[in-house]
Every structure is written in C-alpha cells, then in structure tokens.
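Analysis of the macromolecular model
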Amino acid sequence: MARKRPREHLKVLLRKSQIRRKVRHLARQIEHDFHGEPLHLVCILKGACIFLADLLRELELPVSVDFIAVSSYGKGSLPSGEVRITKDLDHSIEGLNVIIVEDILDTGLTLNYLYRILQSRKPKALKIAALLDKPARRLKEVPVDYIGFKIPDAFVVGYGLDYGERYRNLPDVCILPAVEA
Ligand code: IMP
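Right, let's walk through the structure included here. It should be emphasised that the depicted structure is a prediction, and the values quoted were computed from it without experimental measurement.

On to the site of the ligand. Around the ligand, the surrounding shell holds 15 residues, and the nearest of these are Thr107, Gly108, Thr110, Lys134 and Val156. Lys134 is positioned with one of its side-chain polar atoms (N or O) 2.9 Å from an oxygen atom of the ligand. Measuring from a nitrogen atom of the ligand, one finds a backbone N or O atom of Val156 at 2.6 Å. Relative to its unbound accessible surface of 490 Å², the ligand loses 90% to contact with the protein. Within the residue set of the shell around the ligand, elements represented by two or more residues are β5 (97-105) and α3 (109-119).

As a further point, take the packing of aromatic side chains. Counted under the stated rule, the structure contains 1 aromatic pair. Centroid distance Phe155 to Tyr163: 5.5 Å. Interplanar angle 75°. Geometry classified as edge-to-face. In this structure, Lys22 packs its charged tip against the face of Phe149, placed 5.0 Å from the ring centre.

Next up on the list: the sheet that holds strand β9 (residues 173-175). Pairing in this open sheet of 3 strands is antiparallel, and the strands run β1-β9-β8 from one edge to the other. Strands at the two margins of the open sheet, each flanked by one partner only, are β1 (11-14) and β8 (156-157). Sheet analysis places β1 next to β9, joined by 3 bridges and oriented antiparallel. When the sheet's bridge partners are listed, Leu14 is paired in β9 with Val173.

Conventions used here
- Residues numbered from 1 in each chain as written.
- Predicted model: local features only at pLDDT ≥ 70, side-chain atom pairs only at ≥ 80, totals over all residues.
- Heavy atoms only, no water.
- Near = heavy atom within 4 Å.
- Polar contact = N/O pair within 3.5 Å; in protein donor to acceptor, adjacent residues only side chain to side chain.
- Areas by Shrake-Rupley, 256 points an atom, 1.4 Å probe, with all protein chains shown as cover.
- Helix = DSSP H or I, 4+ residues; strand = E, 2+ residues; numbered from the N terminus.
- Phe/Tyr/Trp six-rings, centres within 6.5 Å; stacked < 30°, edge-to-face > 60°.
- Lys NZ or Arg CZ within 6 Å of the ring centre and 35° of its normal.
- Pairing = 2+ DSSP bridges.

Here you go:
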C-alpha cells in the first residue's frame, strides 16, 4: 500500500465531511431561489473547480457550465490590485440565470471586477457563490449571495486551493502556517 506523505505543517480548518454538508446546504438554497429554472454556472479557474464539481452534482435543476480564468495576483500571495481575464467564457450569458462559482473571497478585487464585466453582458440574473470568505481582508465590496464558510485571515490550501500549484488535491481545507495571507 502506498504511504501517505506527512502533512504536519498543515492545520486542518475544514474537514471534507463539513464541506460536503455545506455544499449540500448551498445547493438547497440555490434550488429554492431559482424554482426549477435552468442555471448557468461560471467557474473561476482554477481554484473553484472542485467546489464546482461538487455543487454541480448536488443541484437538482437543469445546469450548464462555463469557465473563466483571471490573474489577480502579483508575485507570491500579495494582491497587485490588477485583474485580467486570461481565458474568457466560451458562450454568451445573455438572458441566462448565472451563478459565479468562486473558491475564496479575499480582497474582493477579482469578484468585484468579474461581477461588473459579467453584469454588462446582460444575464437574466447574476449571483455569486463563494465557498470561503475572509472578511478581514476585504478591499472591494462584492454582492455575495451564497457563502460557505467565513474563515480567519490565514492562507488556506486544499479542496482546489493552491499555493504555487500545490495542495489542490487535499480533501480538507487546511491552513498553511508559513504563508502570509
Ligand atoms: P481576491 O481577488 O483577493 O478576492 O482573491 C481571489 C483569489 O485569490 C482566489 O480565487 C484565490 O485564487 C486567491 N486566494 C485568496 N486567498 C487565498 C488563500 O488563502 N489560499 C489560496 N488562494 C487564495
């Protein structure tokens, strides 16, 4: 049997069972709000891909998906204040019920920018679902409709979130102690 690598430096913040329950709860809220209408989920790459995959499978509504990628950070973990679309959506969102699916709301720069861009493309409805929220770090206000967990001001990895492309595959959300959030 393959041995698991030790992860002593990581502190578990949210276990996969807690996350699973929360995603289920968010799906029920979304179903309640959209009354059986079709939904279009826009996943912000790459961190939100696991959250998207789980949320998608929980939703008992007709659902389509698309992906968008942005670069919002300068070097390391400090925000540069600049947000740029590096991969745009494949399809128009005009007239659709859109939910932007994001892994974590930190300074708010990314979602503030994307929300404005996507709103200008005339969706029928535009909502935001973020699994994690670090309110202490907010620089720009963002109208978030569905939030999984409010978390402290720490750098977290796992469940899609990375540090230098590592740790995305961890099933739990963990604090990476040596990194300044
Ligand atoms: P914002 O624009 O500052 O809100 O940052 C949003 C993006 O920063 C997220 O989509 C993540 O990619 C990244 N990010 C922010 N905080 C963390 C963290 O604690 N761990 C990993 N990535 C983070």
